[in-house]
Structures are given as structure tokens and as C-alpha cells.
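An overview of the molecular structure
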Amino acid sequence: MSADLGLCQGHQMCQGEAPDVFGFDDATDRVVVLDEHPDESRRRDVKAAVQYCPAMALALEEE
Ligand code: SF4
């Protein structure tokens, strides 16, 4: 799980999808990846977050 902080625009959509995987830094107005290797059981929500991020800042490496 990785986030391109140069692309992130602070929409916080990702947090809505998976709040245990994505946090938010108010100071920088950017996403914080809380869990770089989310459990398989979280994959659906994480994929949704990647898909819905308006800035396309998130990427999920396939294992
Ligand atoms: S949804 Fe995308 S742009 Fe918004 S906070 Fe998450 S990573 Fe950043």
C-alpha cells in the first residue's frame, strides 16, 4: 500500500473507506498510510479506497 503525497489533495475519501488503513495529517493536509500491508480481509475496502481516490494518489501492490 503506498500513497503519493505529491498527488494527494486531502479529500479523505480513503479514510471513509478504510479508516484503519488510512489516517490523515491535518498539518500537511495529506493522507497517512497507517497500515502498509493491510490484511487480506481488508483488501476490498482498500481497493475501493484506491479506486475512489479522486487524485489517484493511492496504489496497492499486488502480491
Ligand atoms: S482519497 Fe486520495 S486525495 Fe483524498 S486523502 Fe486519500 S489519498 Fe489523499
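What you see is a predicted model; the values in this text were computed from it and never measured.

Now for the overall build of the chain. When helices and strands are tallied, the chain shows 2 helices and 4 strands. Of the regular secondary structure in the chain, the N- to C-terminal order runs β-α-β-β-α-β. In terms of C-alpha radius of gyration, the chain reaches 10 Å, essentially the compact-globule figure of 11 Å for 63 residues. Based on the C-alpha atoms only, the size of the chain along its principal axes is roughly 30 × 20 × 15 Å.

Let us now look at the nonpolar core. One finds Met1, Cys14, Val21, Phe22, Val46 and Leu58 to be the most contacted residues of the largest nonpolar core, which totals 14 residues. When sequence neighbours within four positions are dropped, the list of residues in contact with Met1 reads Val21, Phe22, Val33, Asp35, Glu36, Pro38, Val46, Val50, Leu58, Ala59, Leu60 and Glu61.

As a further point, take unusual backbone geometry. Its identity as a non-glycine residue notwithstanding, Gln12 has a phi of 65°, on the positive side. Structurally, Gln12 is set in the loop between strand E1 (2-3) and helix H1 (13-17). By relative accessible area, Gln12 is classed as partly exposed at 35%. A positive phi angle, close to 60°, is found at Asp29, a residue other than glycine. Structurally, the position occupied by Asp29 is in the loop between strand E2 (22-25) and strand E3 (30-33).

Next up on the list: the pattern of salt bridges. Under the defined criterion, the tally for this structure stands at 3 salt bridges. Asp20 is the salt-bridge partner of Arg42, the closest N and O atoms lying 2.7 Å from each other. Taken together, the positions of Arg42 in the loop between E3 and helix H2 (43-52) and Asp20 in the loop between H1 and E2 put the pair 22 residues apart, joining distant regions of the chain. A relative accessible area of 18% means that Arg42 is categorised as buried.

Another aspect to go through is the pairing of E3. In this structure, E2 lies alongside E3, joined through 4 bridges in antiparallel fashion. Across the sheet, residue Phe24 finds its bridge partner in E3, namely Val31.

Below, the discussion takes up the site of the ligand. The local shell around the ligand consists of Cys8, Gln9, Gly10, His11, Gln12, Met13, Cys14, Val31, Cys53, Pro54, Ala55 and Leu58. Judged by the proximity of its atoms to the pocket grid, the ligand belongs to the largest cavity. Considered class by class, the residues forming the shell around the ligand number 8 nonpolar, 4 polar and no charged.

Conventions we followed
Each chain has its residues counted from 1, following the order in which its sequence is written. A pLDDT threshold of at least 70 governs which residues receive local features in this predicted model, and a stricter bar of 80 or more applies before side-chain atom pairs are shown or counted, although totals over entire chains, interfaces and linings include all residues. Hydrogens are left out, water is left out, and the side-chain values use all remaining heavy atoms of the structure. Only runs of H or I of at least four residues qualify as helices and only runs of E of at least two qualify as strands under DSSP, and these elements are numbered from the N terminus. Computation of the radius of gyration draws on C-alpha atoms, with the globule rule given as 2.2 Å multiplied by the number of residues to the power 0.38. Note on terminology: a nonpolar core comprises buried Ala, Val, Leu, Ile, Met, Phe, Trp, Tyr and Cys residues joined through side-chain atoms within 4.5 Å. Any residue under 20% of the maximum accessible area for its type is buried, any over 50% is exposed, and the rest in between are partly exposed; the area is computed with a 1.4 Å probe on protein chains only. Residues count as neighbours in contact if any of their non-hydrogen atoms are within 4.5 Å of one another. We define a salt bridge as a contact between a side-chain nitrogen of Lys or Arg and a carboxyl oxygen of Asp or Glu at a distance within 4 Å. Strands are labelled as partners when DSSP assigns at least two bridges between them. Residues are labelled near a given molecule or strand when at least one of their non-hydrogen atoms is within 4 Å of it. Buriedness for pockets is judged along seven lines, at least five of which must meet protein on both sides within 12 Å for an open set on the 1 Å grid over protein atoms alone, while cavities are sets there where a 1.4 Å probe fits but cannot get out, and lining residues have an atom within 4 Å of a point. A pocket or cavity is taken to hold a molecule when more than half of that molecule's atoms are within 2 Å of the pocket's grid points. Classes in brief: Ala, Val, Leu, Ile, Met, Phe, Trp, Tyr, Cys and Pro nonpolar; Asp, Glu, Lys and Arg charged; the others, Gly included, polar.

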